[in-house]
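# Observations on the model geometry
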Amino acid sequence: MSKDEQQRPEARKPRGFPDRTAAVIAAERRLVDAISTVYQRWGFDALDTGPFEYVDALGKFLPDTDRPNSGVFALQDDDEQWIALRYDHTAPLARYVAENWERIPKPFRRYSAGPVWRNEKPGPFRFREFIQCDADSVGVAGPAADAEMIAIAAEAMQAAGAGQGEYVIRVNSRQILDGIMETAGVIDPAQRGTVLRALDKFDKFGVEGVSLLLGRGRKDESGDVTQGAGLAANQIDVLIEFITSRSTTRSETVRKLANSTGMTRSGAQGVAELAEIDAILSALGIGDDAAAFDPSIVRGLEYYTGPVFEAEFLREFRDADGNPMRFGSVGGGGRYDGLVARFRGEPAPATGFSVGVSRLAAAMAATGEEKVQGPVLVLVLDKDQLADYATLASDLRRAGIRAEMYLGSSGMKPQMKYADRRNSPAVVIVGGNEREKGVVTIKDLNAGAAAAKGMTDNDAWRSERPGQFECPRSEMVARIKAIVGQP
RNA sequence: GCCGGCUUAGCUCAGUUGGUUAGAGCGCUAGAUUGUGGAUCUAGAGGUCCCCGGUUCGAGCCCGGGAGCUGGUACCA
């Protein structure tokens, strides 16, 4: 091995930070654009904060303040203060609002789209950097603001391309969850955390799995055991009955919850809020299929204080190997009344919603739903005619058509292959014959490929030249516009 | 983080009890075709058998350690 080779770095990529292809980027832009438009229309103003925040401003919600790098990406600044990349848009917003409290209008409504970073184990369609599209209202108390947020979430999902029945916003209330835990006799805060996390797994593990997690614990596929909450059978019954009390309509679910025995004061208040949210959603035209009440929704732990909601994309995708894959949650939000107050000591109620754009975009690109059309390619056959080829490409660009002159040094066949790989819609061919006649030859590559499908004989394929035609130079732009579908 | 599986050509994978020069399909490059992306045929290029150490006359294969990938689980503010 030469010295040179020993010093050569290995070309490798840190995991969880995917290289994004043109198809993914196109999907991301389309989603960010569509969702931002919804937020804008509902009266939110754009506001972006920087990528870094002080660790203490990101909050007590860090899992372990002694190890500032677990969960977030943190580093020590010149002045020895710890700063960290934001893990969502909500915490930075709370800091901004607290810092600019005297200047901003209240209620304060803003949206933001941009990357956030989480230092966690990445998985399929789960990244350490991803784009979130976020809307928040600060300074608004009461269920009307939450109902609005839920309606916006539904609109955002539709804007992202989810049709009727392809998505659902599941709604629950932290107050009701607190109430039911009190009823079940779960008092210890640590145990409450374990119980909430167990309830949140209902979607994944069903009644049986959640019961195990609430009781002794559960063994996973690999044989590893998850410690349970250690509840007694009668306590587990109360909680299981609660999370399965979902009905097909919001009003029926509310009725069931209201009638459930031993409901506490906090629980009753939560139920009353859901009833109000239901009424407003109905007035806004949000049906039971678009927004449902689901007692098994929990969403994280620390900062939510009231209604919580989760957006689920129901459409089934297939991965590269053709295996069906479900999305699950692509967004979430809820009421977080304590987050701004943390900085100020006076109440600042708030509610918000966030869509995880990157996962959606990556899946859409993976399923081929998002395909990027390449440029029209002007082939270079005679090296002494470069100026002429450059003019042809320029004429196309001036008409708004994506076009390039071939810049390599290869022959015609490699140029055709290049056009194919770029997913070009067409190539422009001008050789001696065409120049003499004052025409160009245009080859519609998609039409050519379609026509070639039935041909098995090479000579026929050669002589027929499917998808190919000559036209006067003056008609080139118009003919190519027709091929690329541009008016 | 915890538990499991995997790692051989660009990709997907064979590789016998530990035995000479490690294979296939696909892909890639070139030609058959003066100027044509598919198909067919022909030829060619392409390897640190993940890394380090051990056992052995001999290791892709056995043993120990490490790394990476992957699935489950935990965490997900």
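Below or above, wherever it landed, is the structure these notes cover. Here the structure is a predicted model, which is why all the values come from computation and not from measurement.

## Things to note about the layout of surface pockets
Here the second largest pocket defines a volume of roughly 760 Å³. Around the second largest pocket, the lining is made up of 22 residues, and of these M416, K443, L445, W461 and Q468 lie nearest the centre. In terms of residues, the lining of the second largest pocket owes the most to one element, helix 15 (residues 412–421), which gives six residues. Across the lining of the second largest pocket, the residue classes break down as nine nonpolar, six polar and seven charged.

## A look at the pairing of strand 5 (residues 108–117)
By the criterion of burial, strand 5 is predominantly enclosed, with seven of the 10 residues buried. Here strand 1 (residues 45–46) pairs with strand 5 via two bridges, running parallel. Residue pairing for strand 5: A46 is matched across the bridge by Y111. Pairing of strand 5 with strand 6 (residues 129–138) involves 10 bridges; the strand directions are antiparallel. Note that in strand 6 the partner of R109 across the bridge is S137.

## Observations concerning the packing of aromatic side chains
Summed over all chains, the structure comprises eight aromatic pairs. Look at Y39 and Y111: their rings are 6.1 Å apart centre to centre, the planes differ by 50°, and that puts the pair in the tilted class. Of the two residues, Y39 sits in helix 2 (residues 22–41) while Y111 sits in strand 5, which places them 72 residues apart along the sequence. Accessibility assignment for this pair places Y39 and Y111 in one class, buried. Here the aromatic rings of Y96 and F108 are separated by 6.0 Å at their centres, their planes lie at 25°, and the arrangement is stacked.

## Observations concerning the sheet that holds strand 4 (residues 82–85)
Read across the open sheet, the three strands follow the order 2-4-3; overall the sheet is antiparallel. The open sheet has two free edges, formed respectively by strand 2 (52–54) and strand 3 (74–76), since each of these has just one partner strand. Within this sheet the neighbouring strands show an average axis-to-axis angle of 35°, counted without direction. In this structure, strand 3 lies alongside strand 4, joined through three bridges in antiparallel fashion. Bridge pairing in strand 4 links A74 to A84.

## Here's the deal with the pattern of salt bridges
The full count for this structure, using the stated rule, is 26 salt bridges. Salt-bridge contacts for R41 lead to E155; the nearest nitrogen and oxygen are separated by 3.4 Å. Separated by 114 residues along the polypeptide, R41 in helix 2 and E155 in helix 5 (residues 143–159) bring together distant segments of the chain. Within the structure, one salt-bridge network assembled from shared partners comprises R170, R246, D294 and E312.

## Considering the protein's contact with RNA strand B
R197, M455, N458, W461 and Q468 are the nearest of the 47 residues found near RNA strand B. In RNA strand B, the atoms that sit within 4 Å of the protein are 47% sugar and phosphate, with bases accounting for the remainder. Here a base nitrogen of RNA strand B and a backbone polar atom of G71 are 3.1 Å apart. The side chain of K201 places a nitrogen or oxygen atom 3.3 Å from a phosphate oxygen of RNA strand B. Elements that contribute at least two residues to the surface near RNA strand B include exactly helix 8 (202–214), helix 15, helix 16 (432–437), helix 17 (445–452) and helix 18 (458–464). Looking at the surface near RNA strand B, the element that brings in the most residues is helix 15, giving six residues.

Rules and cut-offs
- Residues take numbers from 1 onward in each chain, read along the sequence in its written order.
- Chain letters start at A and ligand numbers start at 1, both assigned in the order the entries are written.
- With the structure being a predicted model, the display of local features is reserved for residues of pLDDT at least 70 and the display and counting of side-chain atom pairs for 80 or more, all residues being used for whole-chain, interface and lining totals.
- Note that water and hydrogens are dropped before the side-chain values are worked out from all heavy atoms of the structure.
- A pocket here means an open set of points on a 1 Å grid, computed over the protein atoms alone, that has protein on both sides within 12 Å along at least five of seven lines. A cavity is instead a set of points where a 1.4 Å probe fits but cannot get out; residues with an atom within 4 Å of a point line either one.
- Grid points are joined across faces, edges and corners, and a volume is the space filled by probe spheres set on the points.
- Going along the chain from the N terminus, every DSSP run of H or I of four or more residues is numbered as a helix, and every run of E of two or more is numbered as a strand.
- Classification used: nonpolar for Ala, Val, Leu, Ile, Met, Phe, Trp, Tyr, Cys and Pro, charged for Asp, Glu, Lys and Arg, polar for all others including Gly.
- Each residue's exposure class comes from its accessible area (1.4 Å probe, protein chains only) as a fraction of the maximum for that residue type: buried when under 20%, exposed when over 50%, partly exposed otherwise.
- We treat two strands as partners when DSSP finds at least two bridges between them.
- Whether two aromatic rings pair depends on their centres lying within 6.5 Å, for rings of Phe, Tyr and Trp, where Trp uses its six-membered ring; planes under 30 degrees apart make the pair stacked, over 60 edge-to-face, and the rest tilted.
- Only the stretch in contact is used when fitting a helix axis, every axis being a line fitted to C-alpha atoms; angles between N-to-C directions are given from 0 to 180 degrees.
- Just to be clear on terms, a salt bridge is a Lys or Arg side-chain nitrogen sitting within 4 Å of an Asp or Glu carboxyl oxygen.
- Being near a molecule or strand, for a residue, means having at least one of its heavy atoms within 4 Å of it.
- Whenever two N or O atoms come within 3.5 Å, that pair is a polar contact, provided that in protein one can donate a hydrogen and the other can accept it, and provided that, for residues adjacent in sequence, both atoms are side-chain atoms.

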